[in-house]
Number of protein chains: 2
Amino acid sequence: MNFSVSEENYIKSIYHLQQQSDTVTTNSLANELQTRPASVTDMLKKLQTKKLLEYEKYRGFRLNATGNKVALNIVRRHRLWEYFLVTKLRFEWDKVHAIAEDLEHVSSIELIQKLDNFLNYPPIDPHGDPIPDMNGKMAVIKQVSIADVPLKKNVTVSSVGNQSPEMLELLNHYHIGIGTALKVNMRFDFDGSAEIKVLKHAACILSEQVAKNIFVYHD
Amino acid sequence: MNFSVSEENYIKSIYHLQQQSDTVTTNSLANELQTRPASVTDMLKKLQTKKLLEYEKYRGFRLNATGNKVALNIVRRHRLWEYFLVTKLRFEWDKVHAIAEDLEHVSSIELIQKLDNFLNYPPIDPHGDPIPDMNGKMAVIKQVSIADVPLKKNVTVSSVGNQSPEMLELLNHYHIGIGTALKVNMRFDFDGSAEIKVLKHAACILSEQVAKNIFVYHD
DNA sequence: TTTTTTTTTTAGGTTTGTCTAAATTTTAAT
DNA sequence: ATTAAAATTTAGACAAACCTAAAAAAAAAA
């Protein structure tokens, strides 16, 4: 089934609000979408007719199994585009959300599959959130900072805590970005610094302050 | 200024129809957009208020300088996305139009600039049409087939005349695709076959039939 | 030059997604 | 348990983009 941009935005927002509280209220959704409660009620009726919601008047609502699947698909598209924008087009992390918000509504299934393949099936987006696969499954992610990851394990950078230009400068210098594969050779207890090795580049030392801000995942 | 998807589609279609005949008629535009003449008239009024058109009732219409700039920008987005879909996501040439039709309406300027940079500023899209630059300028393209290009010149594949699976198989085998840089080492008058060299691959011989179907450009 | 045909525009209606203001229901407070 | 406050829904409007049917203008034919 196919959904309008508006419908998709409602579905996605309901999904996000459900992560925090099981059922969602009209007001919170109106707030999330920067719209009016009356508009929300209108759309809820529509989504209910399309059988994506459990909804009882005045009682709140939640996505049913179908709605959840649809939501996960939208989230998948959003996060894949974010990953693309950061790793391929070299956008900075904080600039990609708005653009991905547009791109996510281009709903060709083949497009998204081929994009996923092109990006090498990344499990995590640049903000550290997991990317659902075709069936809506996402990896349960053991995301740790370089300060905590086991030594000698091959890991992949998933996100960075501090996005200041200064941090960016440092990361660029050491060839570290989202998706970079690296391993921690050793860690010095004296100051918490870590020696890391990025493929094809010389090993380098990161201070504890930096290490704590680089998050990685491993399988 | 920002335009709705509908407005953009009208602008783009007027631009395309103008390539053939200087002024455009209501009926031809309705036909191009698969819509009704009455709807076209409605939109023309709107585009006229937005000062993109020269339009006299019952007399036909055409884009003015501003409208033309807007149109070229949409064409630029469309063709860059087509190039992306074919060269990066490995879509076949005939499958990309519909998807690019959606992507072209995502109108972040920064997105398109970075995409252009990522793709290495391609001057020609996978159908052999020139890609306008930021200012709407496009290269006048000397597009020739491998059967006609001068020997020893560095050229880039811009499009392929025959898109059958058989042709694709052959091209893949020789590592030839849209954007591939190659040169023609020699050509045999006996049968019109050509020896070509693709970077990092062994030289190979293409029959005249194949050579005639591979179009290239050079600066 | 009339008449006929074709093209284009106007008039009025529909759908989607939004809004405001009023009514209703639920929740909280006295 | 009432009453007051907050949340939600209904009723009725509006803009964008489309539609059909009828009117008007231009082009073609007699």
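All values derive from a computational prediction rather than experimental measurement.

Turning next to the overall build of chain A. Helix and strand counts for chain A stand at eight helices and eight strands. Taken along the three principal axes of its C-alpha coordinates, chain A extends 60 × 35 × 30 Å. For chain A, with 219 residues in total, the buried portion stands at 34%. In chain A, of all internal contacts separated by at least 6 residues, the share reaching a separation of at least 24 is 57%.

What follows deals with the nonpolar core. Core analysis: the largest hydrophobic core is formed by 70 residues, its most contacted members being I146 and I214 of chain A together with I146 and I214 of chain B. Excluding residues within four positions of it along the chain, I146 of chain B makes contact with V184, A194, I196, L206, A211, I214 and V216 of chain B. In terms of nonpolar packing, the next biggest core, distinct from the first, is built from 17 residues, L29, L44, L53 and L72 of chain B among them.

Looking now at the interface of chain A and chain B. With 13 residues of chain A in contact, the opposing surface of chain B contributes 13 residues. Looking at side-chain class alone, the side of chain A that touches chain B contains eight nonpolar, one polar and four charged residues.

This brings us to the protein's contact with DNA strand C. Taken together, the neighbourhood of DNA strand C is formed by 19 residues, with S4 and A38 of chain A together with T25, N27 and A38 of chain B sitting nearest. Looking at the surface near DNA strand C, the elements that each hand over two or more residues are α1 (5-20) and α3 (37-49) of chain A together with α2 (26-32) and α3 (37-49) of chain B. For the surface near DNA strand C, the element with the most residues is α3 of chain A, which contributes five residues. Looking at the surface near DNA strand C residue by residue, the class counts come to six nonpolar, eight polar and five charged.

This part covers the sheet that holds strand β5 (residues 181-187) of chain B. Residue and element names in this part refer to chain B. In spatial order, the strands read β3-β8-β4-β5-β6-β7; together these six strands make up an open sheet with antiparallel pairing. Looking at strand neighbours, the two that pair on one side only are β3 (144-145) and β7 (204-206), the edges of this open sheet. Pairing analysis gives two bridges linking β3 to strand β8 (residues 214-217), with the strands arranged antiparallel. Within the sheet, the bridge partner assigned to S145 lies in β8 and is F215.

Next up on the list: the pairing of strand β4 (residues 155-160) of chain A. Side-chain direction in a regular strand flips from residue to residue, so the side chains alternate between the two faces of the sheet. Residues and elements named next belong to chain A. Where burial is concerned, most of β4 is hidden: five out of the six residues are buried. Here β4 pairs with strand β5 (residues 181-187) via two bridges, running antiparallel. Across the sheet, residue V155 finds its bridge partner in β5, namely L182. With four bridges joining them, β4 and strand β8 (residues 214-217) adopt antiparallel strand pairing. Within β8, the position partnered with V157 by the bridge is V216.

Right, let's get into the protein's contact with DNA strand D. The environment of DNA strand D is formed by 20 residues, the closest being T25, N27 and A38 of chain A together with S4 and A38 of chain B. Contributions of two or more residues to the surface near DNA strand D are made by α2 (26-32) and α3 of chain A together with α1 (5-20) and α3 of chain B. For the surface near DNA strand D, the residue count by class is six nonpolar, nine polar and five charged.

Residues and elements named next belong to chain B. For β5 and strand β6 (residues 194-198), the ladder comprises five bridges, and the chain directions are antiparallel. Pairing of L182 across the sheet is with V198, part of β6. Hairpin connection between β5 and β6: a loop of six residues separates the two successive antiparallel strands, and G192 in this loop has a positive phi of roughly 75 degrees. Pairing of β6 with β7, which is carried by three bridges, proceeds in the antiparallel orientation. The residue of β7 that forms the bridge with A194 is L206.

Scoring rules and cut-offs
Residues numbered from 1 in each chain as written. Chains lettered and ligands numbered in written order. Predicted model: local features only at pLDDT ≥ 70, side-chain atom pairs only at ≥ 80, totals over all residues. Helix = DSSP H or I, 4+ residues; strand = E, 2+ residues; numbered from the N terminus. Buried ≥ 20, exposed ≤ 12 C-beta atoms within 10 Å, placed from the backbone. Contact = placed C-beta atoms within 7 Å. Core = buried A, V, L, I, M, F, W, Y, C linked by C-beta atoms within 7 Å. Nonpolar A, V, L, I, M, F, W, Y, C, P; charged D, E, K, R; others polar. Near = placed C-beta within 6 Å. Pairing = 2+ DSSP bridges.

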